[in-house]
Amino acid sequence: MCTPQCIFEKLGGLACDEAIKAGKYVVRYARNLKNMQDEMRDLDDRREDIESKVCQARDRGEEIKAEENIAEANNLIKKSHFEEISRPRPRPPEFESLSDNNYVNFDSRASIYKDLTDALKDSNVNMIGVYGPGGVGKTTLVKEVGDQMRQDGTFKQAAIAAVSKDLNVKEVQSKLAESLNLKLKATTDDQEGRRTELWNKFTNGDKYLVILDDIWEMVDLKKMGIPISDGKTGCKVVLTSRKEDLLRITMKADRNFRIAELPEAEAWDLFKKKVGNSIESRPEIYPLACELCRQCKGLPLAINALGTALQDKPDYTWKNASDKLKKYMLTQIEGIDQGVIATLRVSYDMLQSSDAQSCFLLCCLFAEDAEIPIDELTRHCVARRLLAQNPHTLDEARNAVFTVVDALKLASLLTTGAHENVVKIHDVIRDIGISISRDEKAFLVDHGALRWPENPIDGPSYSTISLNFKNIKEFPDGLVYPQLYTLMVDNSELSEFPDGLVDPQLYTLMFDSSELSDLEVPDNFFNGMAQLTVLSLTKMRMWRLPSSLAKLKYLRMLNLNGCELEDIAILKDMKSNLEVLSLRGSSIKSLPPEIAQLTSLRLLDLRDCSSLIEIPQGIISNLTNLEELLFPDNFNQWEAAIDKKKEGTNSSSKNMGLEELRQSLDNGQLTTLHIFIPNVKLLPKDGLKFENLKRFRISVGLNFDWYENFKWYENFPGTRVLKHEGSSLRNEFIPLVYKAEALSLIGIKGLKEVLDYRGVGNGFPDLRYLEVKSCDDDLEYFLGEPKSSVQSHMLHPLQSFNKLNKLVIEMCKLRYLFTPTVARGLVHLEELTVSSCEIMEAIVGFEGQNDENELIGDVMFSKLKELVLEELPNLISFYAEKEKTQTTTGSSFAHPQPLFSNKVILPVLEELKVEALDSIEEIWDKQSPSVNQETASFGQLRNITVERCTKLVNLVPSNILGRLRNLQDLTVEGCPNVEFIVFKNGKEEEEVADDSTLIISQLRRLAIKKLEKLKSFYSSSTTSNAESFFNRQVIFPVLETLHIEEVGNVIEIWDKQSITVFEAHGSFCQLMNMDVSGCNKLMHLFPSKMHPLLKNLKYLYVRRCESMEGVVGFGKDQLCFSKLTSLYLIGLPKLVSFCTKMGEEGTTEGNPTIHAQPLFNGKVIFPVLEGLIISEVDNIIEIWDKQSITVFEAHGSFCQLMTVDRRGLQ
């Protein structure tokens, strides 16, 4: 386990925040190389690199081997480079969300919501159970609670995993890790290793909430890697189930809450909302509506589904629904009310098309809580010919499936998954769908089967079977399913195939093994399956495919995803029928030449085939019917264009060249292409016709995996992605630039000419992510409104970019980023990063027009949540004022301006980072009105980071502080001229009394570093050159982490005269982590009277404070630090005792004379201290007072101590 003492035991307690900056310099290419080399000469920088890795390891909960890291740092400093030059950015806040925005505030559930949140905040409650019938809304409620408590800081992260009926520990571990943004190092097979990684993560000192949804049996939390909180480490757990006894008796939850059905009035209101409020004015069906609503039993799931199905329907439809409801009331499914079954069956019956019904039943065959890709549904529908319109192309089929899926969502039978290209199905609806498919289509779905099923004696033979076995060892002989269309088998320990499985009407066969199983497939295995149309074998080890596979003349789709394969040459005999072939994630090293004979193939999927190094010439060019071609992202072995006159070459031994794509691209047959082209020189000189592509993921230059920022694209839901790095943008890629949903252009030469003079009209209509780096073109605007396509000094027209969601601009020669007109049109922009643009003067600049309204009007970014402005040395303001004059420095602006004026409105901004803006003296306009409206800027701001702004004098005017009501994290670092964090403007200086208080109600973390001139946190009329950092004028009721480093003017952190005010407001009473270093005027960390307020302190680090004589100043009463677990005292040359006492000889120059004392005496008690590090404290003659040992024993002081490091003590 990585505890704080493990880290500081060897590293001397260096702060991890410094390391992040050191690593960032490396990423900024050659421009910062010299800075990096200079810093690496210092000892601090050597250790900072280690600290960065330590912080990441600590977050994972790993144990730190500091000696090895120090040795590595020494080697790296000699070689002047880092082994790792970057680290992943934190996951965007929206990715942390558990809720799907479907939560409805019902009055009847307000008390349950409050009780849940109160219980989770109760230190005596560690496990909570939530129970109720299926479809009542348990999952929706606990997701909303988890989201809220993550956002308010109660928990650092909230993770959720659906457990479901068929408990799969490895699957639950994976889902929890995904929720935590934790990449498990252990393989899927290493369950114990994964358990350890999760355990360490949950015990790293932060607070976590784990939600295990829909449990049906005893869940061994320790086996999964979930430690229940013991008050100091671990996490709190919420369990949901339909079974109260399971939660109360078996799982022994501390508190259990029942989610009841909606009361009749609320149920009726929800039903009316779905069917339309006009229902009350239709007397002929009003009684039917009331009865149908009652049959939904107050379950929102059933009300939503049935209400949507009957929306705006004529009278006879309502009467038909009522008749069917009575018929279906006889159906029984364990755990689901019969009325709910009946209402959902009616909803299914009322689907408008057979396509929708077929697609719905197909979704029911996938695993419970699975995210089902639309592409996968499309492939199945095409292979099975399930779509009534019989689309001619895969693209047409996909559009049809999207239409069907939308209808199913509107009918509340499916929900959107993680993004718009996947869907999910509620477990209750899935169970009812399985029941429908069993009754009407002879389906069998048994996930948890113990044996192979036999055909029913008194019913039709199964048409579809989906099985999930537990520990099956073999397939039986002689199975006969004469009507079987679909067979899906999932078994983690599948050992062999049955010999001669007879199934003459099998249409689909799917095997899914979560572990690789050695399988020797008998050659005659497929002999009895002459009608098979879809075959899917997943994660199996098969060295050779059986010869009987060639006899499947109707097989249209073959998936061998994740399989270890060698000999697949038998596929050549399937040339007349196979349309879809997926080898995704398989181990193939070479695509066999026989694949070229699959002339009917419409889709070839080779994604994630990381071992693939050979695609022989002639294969792809011979597949003339290909519509979708997906190569691995890392495949780069393309044959360069050759001189046709050159003789003596053996082309059969070479990889394919890109010329082979020409025919399919030219005739428009190929509409989907995923490919990595490492060098544009590999492209034919006369180019390729990419313009007909409808879906693409193309990387030119460095591949997707190399470029760290492009990791974001792994989960990007869009289907049109282009990354082009280096050299000029070739003509064949221009059409893709305008079609792209995600676009990255790096080091492109002549970008202005390429985009500016082509008359693109309304370009970029679907672009959602745009990244431009290292653009050498000297541009006035990047996004502007041109007068004409020829005269423009801007890159694109006004109508473009109306879907843009994320914009990253780095190292470009731009004076402005947007014109006001364009800025107002970016209505969907959520993230904006601008960095290293040396000549940029404003983000929003002038258009060169005389329109007064345009120039003086406000600019609102209505959806912008994250704003990063870094290394913009000439930036004057975000939106510069109109008055301009040319100065001797070349700037267009003569007078300093605040970064944000009243003209910039950012109503939903949550994250703000400002770094190295050397021309900025003020961030906020101190003349801004003190408003607290919903539309006012910065009201949603949660995190502020300000670093290396050399001219900045003060940070937040007091009139702006009132807007920052949601601020949770504030970091100010490396701003040498900052005097105050919060300051009064001139008008308020006169009107506001000095004894007034400002409450920063949500701030949980405060980091103040390297502010040489800082006087105090809050200015007042009595401010001197050196004074208390915190005084009575600012209150921090929920502050948990405080980091103060190298703040030279501060002589004391807390004003002794303000302690009664702190107590009255509960200020600092939640403080748990405190790190103070490099404050050379501090003689004491805090006065003894502050001790009662610091009752929750857990970690205390004091380092490199040259004048410090005692941590606690001149205390007389006994002090008990009841929760302190880690204490580090490092580099304190004048320290004489933890709690100093006054001597009897009087004072010298007004200071008490301090006698040599033990570090700890009977006046200070540490009952739970686990880690103690003492280093470079030259005045300490003994650690423990011998006379106080009996006092220590009586109070259990130091009895939990596990680590003591006394480095440098004589």
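A. A look at the overall build of the chain. For the chain, the count of helices and strands is 31 helices and 57 strands. Across the 1210 residues that make up the chain, the buried fraction comes to 57%. Counting contacts in the chain only where the partners sit at least 6 residues apart, residues at least 24 apart contribute 70% of the total. Here the chain has roughly 49900 Å² of accessible surface; of this, 47% comes from carbon and sulfur atoms.

B. Quick peek at the pattern of salt bridges. Under the definition given, this model contains 55 salt bridges. Notably, a salt bridge pairs Lys-175 with Asp-369, separated by 3.2 Å at the nearest N-O pair. Within this pair, whereas Lys-175 is found in helix H9 (residues 169–179), its partner Asp-369 is found in the loop between helix H18 (354–363) and strand E6 (372–373), the two being separated by 194 residues in sequence. Of the residues examined, Asp-369 reaches a relative accessible area of 23% and is grouped as partly exposed. Residue Glu-659 pairs with Arg-662 through a salt bridge whose shortest N-O separation is 2.6 Å. In this structure, a network of salt bridges that share partners links the residues Asp-375, Asp-395, Arg-398, Glu-628, Lys-694 and Arg-695.

C. Spotlight on helix H20 (residues 394–410). An ideal rise of 1.5 Å per residue puts 24 Å on 17 residues; H20 measures up with 24 Å between its terminal C-alpha atoms. By the burial criterion, the buried members of H20 are Leu-394, Asp-395, Ala-397, Arg-398, Ala-400, Val-401, Val-404, Val-405 and Leu-408. The inward-facing, buried residues of H20 abut H18, helix H19 (374–384), strand E8 (422–424), strand E18 (603–605), strand E19 (628–630) and strand E21 (695–700). Downstream of H20 by one or two residues, Ser-412 has phi in the positive range, about 60°.

D. Quick peek at the environment of Glu-171. When you line up the elements, Glu-171 lands in helix H9. C-alpha separation for the pair Glu-171 and Met-224, spaced 53 residues apart in sequence, amounts to 10.0 Å.

E. Quick look at the sheet that holds strand E5 (residues 255–258). Here five strands make up an open sheet; going across it, the order is E2-E3-E4-E1-E5 and the pairing parallel. Two strands bound the open sheet, and with one partner strand each, they are strand E2 (157–164) and E5. Averaged over all pairs of adjacent strands, the angle between their axes in this sheet comes to 15°, without regard to strand direction. Strand direction decides the pairing type here: strand E1 (residues 127–131) and E5, joined by four bridges, are parallel.

F. View of the environment of Gly-225. With respect to the element layout, Gly-225 can be found in the loop between helix H11 (221–224) and strand E4 (235–241). In the structure, Gly-225 is positioned 25 residues away from Asn-200 in sequence and 8.3 Å away in space, judged by C-alpha atoms. Residue contacts for Gly-225: discarding those within four places in its chain leaves Arg-195, Leu-198, Trp-199 and Phe-202.

G. Spotlight on the side chain of Arg-345. Looking at where Arg-345 falls in the secondary structure, it is placed in helix H17 (residues 338–349). Those residues in contact with Arg-345 that lie beyond four places of it in its chain are Tyr-328, Thr-331, Ile-432, Ile-436, Asp-439 and Glu-440.

H. Fine view of the packing of aromatic side chains. Applying the stated rule across the entire model yields 37 aromatic pairs. A ring pair is formed by Trp-924 and Phe-938, whose centres lie 5.5 Å apart and whose planes are at 90°; its orientation type is edge-to-face. A residue pair is termed long-range when its members are at least 10 positions apart, and Trp-924 in the loop between strand E34 (911–915) and strand E35 (943–947) and Phe-938 in the loop between E34 and E35 qualify at 14 residues. Each member of the pair, Trp-924 as well as Phe-938, carries the same accessibility label: buried. We note Arg-345 situated over the ring of Tyr-328; from NZ or CZ to the ring centre the distance is 4.3 Å.

I. Local environment of helix H7 (residues 110–121). For H7, built from 12 residues, the straight-helix expectation of 16 Å at 1.5 Å per residue is met to within 8% by its first-to-last C-alpha distance of 17 Å. Regarding H7, the residues found buried are Ile-112, Tyr-113, Leu-116, Thr-117, Ala-119 and Leu-120. Taken around the axis of H7, the buried residues stretch over an arc of 160°, which confines them to a single face. Residues of H7 that are buried sit in contact with E1, helix H8 (138–151), strand E3 (208–215), E4 and E5.

J. Focus on the pairing of strand E13 (residues 534–538). For E13, the buried fraction is high: five of the five residues fall into the buried class. Side chains Val-534, Ser-536 and Thr-538 project from E13 onto one buried face, and the interleaved Leu-535 and Leu-537 project onto a second face that is buried too. Pairing between E13 and strand E15 (residues 557–559): three bridges, direction parallel. When the bridges of E15 are listed, Ser-536 appears paired with Asn-559.

K. Just the sheet that holds strand E47 (residues 1084–1087), in detail. Ordered in space as E47-E49-E52, the three strands form an open sheet in which the pairing is parallel. The open sheet has two edge strands, E47 and strand E52 (1137–1139), and neither has a second partner. Averaged over all pairs of adjacent strands, the angle between their axes in this sheet comes to 25°, without regard to strand direction.

L. Representation of the confidence of the model for the chain within the structure. Model confidence for the chain is summarised by a mean pLDDT of 79, while 76% of its residues fall at 70 or above. For residues 1–49, every residue scores under 50 in pLDDT, and the model assigns this stretch 128 contacts once sequence neighbours within four places are set aside.

M. Representation of the packing of H18 against H19 within the structure. The contact between H18 and H19 brings their axes to 11 Å, and the two run at 120°. Comparing the axis directions of H18 and H19 gives the class oblique. Our pair here, H18 against H19, has a crossing hand that is right-handed. Each of Cys-359, Leu-362 and Cys-363 in H18 lies in contact with H19, whose residues at this interface are Leu-377, His-380 and Cys-381.

N. Spotlight on the state of the cysteines. Evaluated as defined, the whole model comprises zero disulfides. In this model Cys-290 remains outside any disulfide bridge; the closest cysteine sulfur is found in Cys-293, 7.5 Å from its own. A relative accessible area of 16% places Cys-290 in the buried class. With no disulfide of its own, Cys-381 lies closest to Cys-359 among cysteine sulfurs, the gap being 5.1 Å. For Cys-381, a relative accessible area of 3% gives the class buried.

O. A look at the nonpolar core. Ranked by internal contacts, the top residues of the largest apolar core, which has 196 residues, are Phe-818 and Phe-1138. Looking at this core, the element that brings in the most residues is helix H24 (residues 734–739), giving four residues. Non-local contacts of Phe-1138, meaning those with residues more than four positions away in its chain, are made with Gly-1110, Val-1111, Val-1112, Phe-1121, Leu-1127, Leu-1129, Leu-1159, Phe-1160, Val-1164 and Phe-1166. Leu-365, Ala-397, Val-404 and Ile-429 belong to the second-largest nonpolar core, a separate cluster that totals 98 residues.

P. Examining the pairing of strand E31 (residues 866–870) more closely. A large share of E31 lies buried, amounting to four of its five residues. Bridge analysis of E31 against E34 gives five bridges, and the strand direction is parallel. Opposite Leu-867, over in E34, you have Leu-912 as the bridge partner.

Basis of the calculations
Residues numbered from 1 in each chain as written. Predicted model: local features only at pLDDT ≥ 70, side-chain atom pairs only at ≥ 80, totals over all residues. Heavy atoms only, no water. Helix = DSSP H or I, 4+ residues; strand = E, 2+ residues; numbered from the N terminus. Buried < 20%, exposed > 50% of the residue type's maximum accessible area, 1.4 Å probe, protein only. Contact = heavy atoms within 4.5 Å. Areas by Shrake-Rupley, 256 points an atom, 1.4 Å probe, with all protein chains shown as cover. Salt bridge = Lys/Arg side-chain N within 4 Å of Asp/Glu carboxyl O. Expected span 1.5 Å × (residues − 1). Pairing = 2+ DSSP bridges. Axes fitted to C-alpha atoms, helices over the stretch in contact; angles between N-to-C directions. Phe/Tyr/Trp six-rings, centres within 6.5 Å; stacked < 30°, edge-to-face > 60°. Lys NZ or Arg CZ within 6 Å of the ring centre and 35° of its normal. Arc of directions from axis to C-beta. pLDDT = per-residue confidence, 0-100. Parallel < 35°, antiparallel > 145°, perpendicular 65-115°, else oblique. Left-handed = near helix turned anticlockwise from the far one by under 90°. Disulfide = S-S within 2.5 Å. Core = buried A, V, L, I, M, F, W, Y, C linked by side-chain atoms within 4.5 Å.

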